[in-house]
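# Structural features, examined
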Amino acid sequence: PASEAEVAYRAGMEAGKKSDYARARELMEKALRLQPDYGKADLALGVILIVLGEREEGQARIQRIAALPLPIASDAHTLLANEASKEGRYEDVAKHYAQAIEITPDNIVLYVKLGKSLIAQSRFEEAVPILEAGVALHPRAGAAWLNLGRAFLHLDRPSEAELCFRRVLEIDK
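Just so you know, these numbers come straight off a predicted model, no measurement behind them.

Thresholds, definitions, all that
Residues numbered from 1 in each chain as written. Predicted model: local features only at pLDDT ≥ 70, side-chain atom pairs only at ≥ 80, totals over all residues. Heavy atoms only, no water. Helix = DSSP H or I, 4+ residues; strand = E, 2+ residues; numbered from the N terminus. Buried < 20%, exposed > 50% of the residue type's maximum accessible area, 1.4 Å probe, protein only. Contact = heavy atoms within 4.5 Å. Core = buried A, V, L, I, M, F, W, Y, C linked by side-chain atoms within 4.5 Å. Axes fitted to C-alpha atoms, helices over the stretch in contact; angles between N-to-C directions. Parallel < 35°, antiparallel > 145°, perpendicular 65-115°, else oblique. Salt bridge = Lys/Arg side-chain N within 4 Å of Asp/Glu carboxyl O. Expected span 1.5 Å × (residues − 1). Arc of directions from axis to C-beta.

### Description of the overall build of the protein chain
The number of helices and strands found in the protein chain is ten helices and zero strands. Listing each helix as α and each strand as β along the protein chain from the N terminus yields α-α-α-α-α-α-α-α-α-α. Once the C-alpha set of the protein chain is aligned to its principal axes, its extents read approximately 60 × 35 × 30 Å. Within the protein chain, buried positions represent 42% of all 173 residues. Pairs at least 24 residues apart make up 41% of the contacts formed inside the protein chain by residues separated by at least 6 positions.

### Section: the nonpolar core
In summary, soluble globular proteins display a tendency toward joint burial of nonpolar side chains. Core analysis: the biggest nonpolar cluster contains 29 residues, and Trp145 and Leu148 have the highest contact counts within it. Taken together, the elements giving at least two residues each to this core come down to α5 (72–86), α6 (90–103), α7 (108–120), α8 (124–137), α9 (142–154) and α10 (158–171). Per element, the largest residue contribution to this core is seven residues, and it comes from α7. With residues up to four places along the chain from it excluded, the contact list for Leu148 reads Val128, Leu131, Glu132, Val135 and Cys164. Ala15, Ala24, Met28 and Tyr38 belong to the second-largest nonpolar core, a separate cluster that totals 14 residues.

### Focus: unusual backbone geometry
Despite not being glycine, Ser19 has its phi angle at roughly 65 degrees, a positive value. Tracing the chain through its elements places Ser19 in the loop between α1 (4–17) and α2 (21–34). Residue classification places Ser19 among the partly exposed residues on the basis of a relative accessible area of 47%. Residue Asp156 is not a glycine yet carries a positive backbone phi of 55 degrees. Along the chain, the position of Asp156 falls in the loop between α9 and α10. Judged by relative accessible area, Asp156 falls into the exposed class, the value being 66%.

### Notes on the packing of helix α3 (residues 39–51) against α5
Look at α3 against α5: their axes get within 10 Å of each other, and the N-to-C directions meet at 10 degrees. One element, α3, and the other, α5, form an angle in the roughly parallel class. Residues Gly39, Lys40, Leu43, Val47 and Ile50 of α3 form the contact with α5, whose participating residues are Ile72, Asp75, Ala76, Leu79 and Glu83.

### Regarding the pattern of salt bridges
Within the structure shown, the criterion is met by 17 salt bridges. Across the salt bridge formed by Glu54 and Arg25, the nearest N and O atoms sit 2.5 Å from each other. Of this pair, Glu54 sits in the loop between α3 and α4 (55–66) while Arg25 sits in helix α2; the two residues are 29 residues apart in sequence, bridging distant segments of the chain. With relative accessibility at 27%, the residue Glu54 sits in the partly exposed group. Residue classification places Arg25 among the partly exposed residues on the basis of a relative accessible area of 22%.

### A short note on the side chain of His77
As for its position among the elements, His77 is in helix α5. Taking relative accessible area as the criterion, His77 reaches 6% and is therefore assigned buried. The contacts of His77, once residues within four sequence positions are left out, are Ala66, His96, Gln99, Ala100 and Ile103.

### Description of α6
Quick reminder: α-helices carry 3.6 residues per turn. Residues three or four places apart thus point the same way. Over its 14 residues, α6 extends 20 Å from the first C-alpha to the last, a length consistent with the 20 Å expected when each residue adds 1.5 Å. Turning to α6, its buried residues are Val93, Ala94, His96, Tyr97, Ala100 and Ile101. Looking down the long axis of α6, one finds its buried residues gathered within 165 degrees of arc, a one-sided arrangement. Set apart from the buried face of α6 by more than 90 degrees, the exposed residues are Glu91 and Glu102. Where the residues of α6 are buried, they touch α5 and α7.

See the structure below:
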């Protein structure tokens, strides 16, 4: 059976999906009163606060979670990367994705997002080893191969780019 904190968390997530952020906040705060170390509720509350316009408080909460030596810190870094992207702080985007990879090194999505961020910043040489690490971990990750090919194109390495694009076609007909 779910704990009272989990019931409040789930109800808060449902309220958030319905854009009832005031109710979502109330339920996340309840979950945290019942279980102060409930990381998912704490992180969700940070997002809710940002949506409600309490940006500084929300970001501070997410940054605190990002500093924890726990797997949920990877999710916090991803959220911080998204916020940095919205604000045009692209160096911070790359920094947060890199920190998320350190915490969850088997998450291919993070390699792709970091690679895409570096490509968008014209940091093609840096993108290549990140994306190569991603395809080494997940050889069937078409998005990683595609972005690796893009990086190679920008580096004027067309034969390597072509190999990457052919790999994408093999994976996803």
